[in-house]
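Each chain is listed here by its residues.
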Amino acid sequence: MSTVEIAAARLDRTRAELEAILEPPRPEARVGVLGAGSDDLDSGRAYLGRLAPGGYAVPTWPVEHGGMGLSGTEADAVRQALTHYQAPDMYPFLVGLDLIGPTILVHGDEEQKARWLPAIRNGQEIWCQMFSEPDAGSDLAGLKSRAERDGDGWRVSGSKVWTSRAHYSKRGLLLARHDPRLAKHKGIIAFGLDMTSPGVTVQPLVQMNHDAHFNEVFMDDVWIPDQDRIGEPGDGWRIALTCLTFERGALGGGLGVKEDQVARLAEMIAPGDPVARDRWAARLIEHRVIGMTELRARQARQAGLPPGPEDSGSKLRGTAMIKRLAALGLQVEGPAATVVAGEPDEWQSMFLMSPSLSIRGGTDEIQRNILGERVLGLPAEARVDKDKPFSDTC
Ligand SMILES: Cc1cc2nc3c(=O)[nH]c(=O)nc-3n(C[C@H](O)[C@H](O)[C@H](O)COP(=O)(O)OP(=O)(O)OC[C@H]3O[C@@H](n4cnc5c(N)ncnc54)[C@H](O)[C@@H]3O)c2cc1C
């Protein structure tokens, strides 16, 4: 069978299986974009609970860890099958399911996989990504949270910021510095921190759309058992890169915006408004081009080719597309879009969320640096602190 036939067969089979456990889509249901809006954890947990026995939420995870053990093409067919059924906003769970679970599969030991993965898979335990600090965002390897060996464990002090969903996370993938005498990328250690440990304080930050989805996290002499260390001391940077690679893959080119959402905007445009229709058509074309580029990148990956330029620009293109789409949504809705009453309006919410896309998961400027250096082969930025002991550079 060809890859296309295998994917089609998987899609049919999975749809037939899902028919018994999921409900048909409700057209009136509000669609969240990249986690904007309020969180309904109970619905997400109930949904993951239904998917867990078949492994449908984590199709690429190995069968022994509750997944389906599928390759990229078949896993994509499962994800596609899921879009045919009603689903709640799964954003609160995605850091665990798409970023940290897969990272644990690569770098965790067998005991950690057995202890942590089942609760990630069925949504009982939410994880957060504890990377950014007040002085370490784009330059993540400059992080200063300190981990010192203490008996059977480690003592960690420091602070993290912009930690999405930390306020209801059970654990966080934490990066800290265990040896400041090493160069900055080398002295980093990773843990699966229990967020309920004494000394952890989580303080939500309110965003301009009134969500409070990310947090400051303070760690004051927190004790972490050595069994919660992921990899060896010094592996932290490698583990962070694995997680960030999964993050880029999970976001995808359209950054979570589905074509039916673009299509729904057309229904709101008055027939006598050719300018708005013209702008809408341009957004639809952009969305489709991004989707096709993503498909090309995925096929190249499946063919075992190294990452090409397709992937590199996709976050920049997706960010620009969503900002323009959200602005058009606001324009089409008119003054009604400025009213705040009850549930936030879908387009208002997307508009207020859209600037964050230029920052989260690597800023636009950093994406352009990557494009310049790795794709166009331009001279690299000066990185004078790269090989010096971290303690000599700050
Ligand atoms: C909605 C949202 C959710 C987030 N969730 C998480 C999370 O769950 N976990 C987590 O760890 N972090 C999270 N972050 C943090 C995010 O990863 C950082 O904000 C991002 O990496 C940028 O870091 P910074 O804010 O410190 O900005 P800085 O790195 O201080 O950058 C400030 C400005 O300088 C520019 N700049 C910096 N370096 C360069 C350079 N070398 N060349 C050119 N320009 C440069 C940047 O582009 C930016 O415009 C989240 C952020 C947002 C907005």
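About the thresholds
- Residues numbered from 1 in each chain as written.
- Predicted model: local features only at pLDDT ≥ 70, side-chain atom pairs only at ≥ 80, totals over all residues.
- Helix = DSSP H or I, 4+ residues; strand = E, 2+ residues; numbered from the N terminus.
- Buried ≥ 20, exposed ≤ 12 C-beta atoms within 10 Å, placed from the backbone.
- Contact = placed C-beta atoms within 7 Å.
- Core = buried A, V, L, I, M, F, W, Y, C linked by C-beta atoms within 7 Å.
- Domains from an automatic or database assignment.
- Axes fitted to C-alpha atoms, helices over the stretch in contact; angles between N-to-C directions.
- Parallel < 35°, antiparallel > 145°, perpendicular 65-115°, else oblique.
- Left-handed = near helix turned anticlockwise from the far one by under 90°.
- Near = placed C-beta within 6 Å.
- Nonpolar A, V, L, I, M, F, W, Y, C, P; charged D, E, K, R; others polar.
- Expected span 1.5 Å × (residues − 1).
- Pairing = 2+ DSSP bridges.

Draft legend 1. Seen up close, the overall build of the protein. In terms of regular secondary structure, the protein is built from twelve helices and eight strands. Sorting the 394 residues of the protein into buried and exposed places 35% on the buried side. Excluding contacts between residues fewer than 6 apart, the proportion of contacts in the protein whose partners are at least 24 apart in sequence is 73%.

Draft legend 2. View of the nonpolar core. Counting residues in hydrophobic clusters, the biggest one holds 52 residues, and the most contacted among them are Met130, Leu174, Leu175 and Ala190. Taken domain by domain, this core gets at least three of its residues from each of domain 1 (3-89) and domain 2 (128-240). Within the second largest apolar cluster, 17 residues are counted, among which are Trp280, Val332, Met350 and Phe351.

Draft legend 3. Expanded view of the environment of alanine 81. In this structure, alanine 81 sits in helix 3 (residues 72-82). Ignoring any residue separated from it by four or fewer positions in sequence, one finds alanine 81 in contact with Leu11, Thr14, Arg15 and Leu18.

Draft legend 4. Representation of the packing of helix 4 (residues 91-107) against helix 5 (residues 110-121) within the structure. Where helix 4 meets helix 5, the closest approach of the two axes is 10 Å, and the angle between their N-to-C directions is 170°. As the angle between them shows, helix 4 and helix 5 are arranged roughly antiparallel. Regarding helix 4 and helix 5, the two cross each other, and that crossing is left-handed. Packed against helix 4, whose contacting residues are Gly96, Leu97, Gly101, Ile104 and Leu105, the element helix 5 presents Gln112, Lys113, Trp116, Leu117 and Ile120 at the interface.

Draft legend 5. The arrangement of the site of the ligand in detail. The ligand sits among 19 residues. The nearest are Phe131, Gly137, Ser138, Thr363 and Glu365. Where the shell around the ligand is concerned, the elements lending two or more residues are strand 1 (127-130) and helix 12 (364-375). Per-class residue counts for the shell around the ligand are six nonpolar, ten polar and three charged. Split by domain, the residues of the shell around the ligand number at least three in each of domain 2 (128-240) and domain 3 (252-375).

Draft legend 6. Broad picture of helix 10 (residues 314-333). In this model helix 10 runs 28 Å from its N-terminal to its C-terminal C-alpha over 20 residues, within 8% of the 28 Å that 1.5 Å per residue would give. Among all positions of helix 10, only Ser314, Lys315, Gly318, Thr319, Met321, Ile322, Leu325, Ala326, Leu328, Gly329 and Val332 are buried. Glycine 334 occupies a position one or two residues after helix 10 and carries a positive phi of about 75°.

Draft legend 7. A look at the domain arrangement of the protein. The domain architecture assigned to the protein consists of domain 1 (3-89), domain 2 (128-240) and domain 3 (252-375). Taking only C-alpha atoms into account, the centre of domain 2 sits 31 Å from that of domain 3.

Draft legend 8. Examining the pairing of strand 1 more closely. Burial along strand 1 is two-sided: Trp127 and Gln129 and Cys128 and Met130, pointing in opposite directions, are all buried. Bridge count for strand 1 against strand 4 (residues 171-177) is four bridges, and the pairing is parallel. Note that in strand 4 the partner of glutamine 129 across the bridge is leucine 173.

Draft legend 9. Spotlight on unusual backbone geometry. Even without being glycine, tryptophan 162 reaches a positive phi, approximately 65°. Within the secondary structure, tryptophan 162 sits in the loop between strand 3 (153-161) and strand 4. Even without a glycine there, the phi angle at aspartate 221 is positive, about 55°. Checked against the element boundaries, aspartate 221 lands in strand 7 (residues 214-225).

Draft legend 10. Broad picture of the packing of helix 10 against helix 11 (residues 346-353). Put simply, helix 10 and helix 11 touch, their axes get as near as 8 Å, and they point 145° apart. At the point where helix 10 passes helix 11, the crossing takes the left-handed sense. Across the interface between the two elements, Ala326, Ala327, Gly329, Leu330 and Glu333 from helix 10 touch Trp347, Gln348, Met350 and Phe351 from helix 11.

Draft legend 11. Spatial organisation of the environment of serine 157. Residue position: serine 157 is located in strand 3. With 144 residues separating them in the primary sequence, serine 157 and arginine 301 have C-alpha atoms 40 Å apart.

Draft legend 12. Spotlight on the environment of tyrosine 47. Position of tyrosine 47 relative to the elements: it lies in helix 2 (residues 41-51). Accessibility expressed as a C-beta count within 10 Å gives 23 for tyrosine 47, which makes it buried. For the pair tyrosine 47 and methionine 90, spaced 43 residues apart in the sequence, the C-alpha separation amounts to 9.0 Å. With sequence-adjacent residues up to four places away left out, tyrosine 47 is seen in contact with Ala87 and Pro88.

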